[in-house]
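Reading the structure
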Amino acid sequence: MQPPLKDLLAGSQLFGELAPNELDVVARAAETREFARDETIFAMQEPGDGLYVIASGRVKVVVSTTGGKEFILATLGPGQFFGEMALLDDSPRSASVIAQLPTSAYRIRRQEFDRLIEAHPGIARKLLRELSLRLRRANAQMESLVTLDVVGRLARYFISLAKQHGQILGNGWVAVRRPTHQDIANSIGTSRETVTRLMTELEERGLVVNEGKMSYLREEVLRSEGE
Ligand code: CMP
């Protein structure tokens, strides 16, 4: 069962600092939407009419390459938001957003979003902070693509996945739900077959332990540098 919308908003990245009465206003203006795994939430180039906040699940932010392949720019999880760029710069959606797991999100219309950032400078500050973090990650991703070999990119991918979506188990390990080999390949610019082959190498090096749908990494990777 999901907690009430107001509690979800209070725990989200952007709206955490709002007073209870403002949270009520936002909760009343928000629409809850459910998406099946692999369902497209919106497509690149569509006009943007709202901001989404993830309640549960995980989404991938995707652009199509000229060869018709998918390149995954980022994955976002509970409490995080997406769809702000088209609202901020009045341009079409910069990427497609697709549910990577069954996902529940709430949508806040453009008008309400504009009102909130004008009325609450704290929200605008959090938004800018998160946009800076995403730019840092995009820079790191670019650097990885240019400077690392595939196994290096795969190792960095898992560390970043654990930092962003991992759950600390308290016994020295971090657990993370592993994306499909195809999604991993589409995040690091290689083929699914290469990911499948190199996963064994990471296991042999002791960086990742895979069990069922989960991967486990040592907790100290969370203290490594970079995004
Ligand atoms: P928008 O352009 O409205 O629709 C696509 C959304 O994907 C975009 O807003 C952001 O919320 C998100 N997005 C685009 N690029 C990135 C990125 N590099 N990292 C994380 N999120 C992104």
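Report on the accompanying structure. (Residues numbered from 1 in each chain as written. Predicted model: local features only at pLDDT ≥ 70, side-chain atom pairs only at ≥ 80, totals over all residues. Heavy atoms only, no water.)

**Quick notes on helix α6 (residues 150-165)**
One turn of the α-helix equals 3.6 residues, which is why residues spaced by three or four share an orientation. Basically, it comes down to this: The helix and strand labels rest on DSSP assignments: H or I over at least four residues marks a helix, E over at least two residues marks a strand, and numbering proceeds from the N terminus. Multiplying one less than the number of residues by 1.5 Å gives the expected span of a helix. Throughout, exposure labels follow a simple rule: accessible area from a 1.4 Å probe, protein chains only, divided by the maximum for the residue type, with under 20% read as buried, over 50% as exposed, and the rest as partly exposed.
With 16 residues, α6 should cover 22 Å at 1.5 Å per step; its first-to-last C-alpha distance of 22 Å lies within 8% of that length. For α6, the set of buried residues is V151, R153, L154, A155, Y157, F158, I159, S160, L161, A162 and H165.

**Some remarks on the environment of T147**
Defined as follows: In the analysis that follows, any N or O atom pair within 3.5 Å is treated as a polar contact, provided that within protein one partner can donate a hydrogen and the other can accept it, and provided that, for residues neighboring in sequence, both atoms belong to side chains.
Tracing the backbone shows T147 in helix α5 (residues 121-147). For T147, a relative accessible area of 51% puts it in the exposed group. Within the structure, the side chain of T147 is placed 2.7 Å from the backbone oxygen of E143, a separation counted as a polar contact.

**Topic: the packing of α6 against helix α8 (residues 192-204)**
Definition in use: Simply put, an axis is a line fit to the C-alpha atoms, just over the touching stretch for a helix, and the angle between two N-to-C directions goes from 0 to 180 degrees. Between 65 and 115 degrees an angle is taken as roughly perpendicular, under 35 as roughly parallel, over 145 as roughly antiparallel, and anywhere else as oblique. The criterion used for residue contact is that any of the two residues' heavy atoms lie within 4.5 Å. Lys, Arg, Asp and Glu make up the charged group, whereas Ala, Val, Leu, Ile, Met, Phe, Trp, Tyr, Cys and Pro make up the nonpolar group; the residues left over, Gly among them, are polar.
One way to put it is that α6 packs onto α8 with a least axis distance of 10 Å and a crossing angle of 75°. Looking at the two axes, α6 sits roughly perpendicular to α8. Facing V150, V151, L154, A155 and F158 of α6, the residues of α8 in contact are T194, V195, L198, M199, E201 and L202. Each residue belonging to the contact of α6 with α8 can be placed in one class, and the counts come to 9 nonpolar, 1 polar and 1 charged.

**Concerning helix α7 (residues 181-188)**
Taken across its 8 residues, α7 has 6 buried, putting it largely inside the fold. Where α7 is concerned, the buried positions are D183, I184, A185, N186, S187 and I188. In this fold, the buried residues of α7 make contact with β4 (59-64), β5 (70-76), α5, α6 and α8. Backbone geometry just downstream of α7 places G189 in the positive-phi region, at approximately 70°.

**Quick look at the site of the ligand**
What counts, and what does not: In these notes, residues near a molecule or strand are those with any non-hydrogen atom within 4 Å of it. Each accessible area value is a Shrake-Rupley result obtained with a 1.4 Å probe; residue values ignore everything except the protein chains displayed when judging cover.
Taken together, the neighbourhood of the ligand is formed by 13 residues, with G83, E84, A86, R93 and S94 sitting nearest. In this structure, an oxygen atom belonging to the ligand sits 3.0 Å away from a main-chain N or O atom of A86. In this structure, an oxygen atom belonging to the ligand sits 2.7 Å away from a side-chain N or O atom of S94. A total of 460 Å² of accessible area belongs to the ligand in isolation, and the protein chains cover 92% of it. Elements that contribute at least two residues to the shell around the ligand include exactly β5 and α3 (84-89). For the shell around the ligand, the element with the highest residue contribution is α3, accounting for 3 residues. Broken down by class, the residue content of the shell around the ligand amounts to 8 nonpolar, 2 polar and 3 charged.

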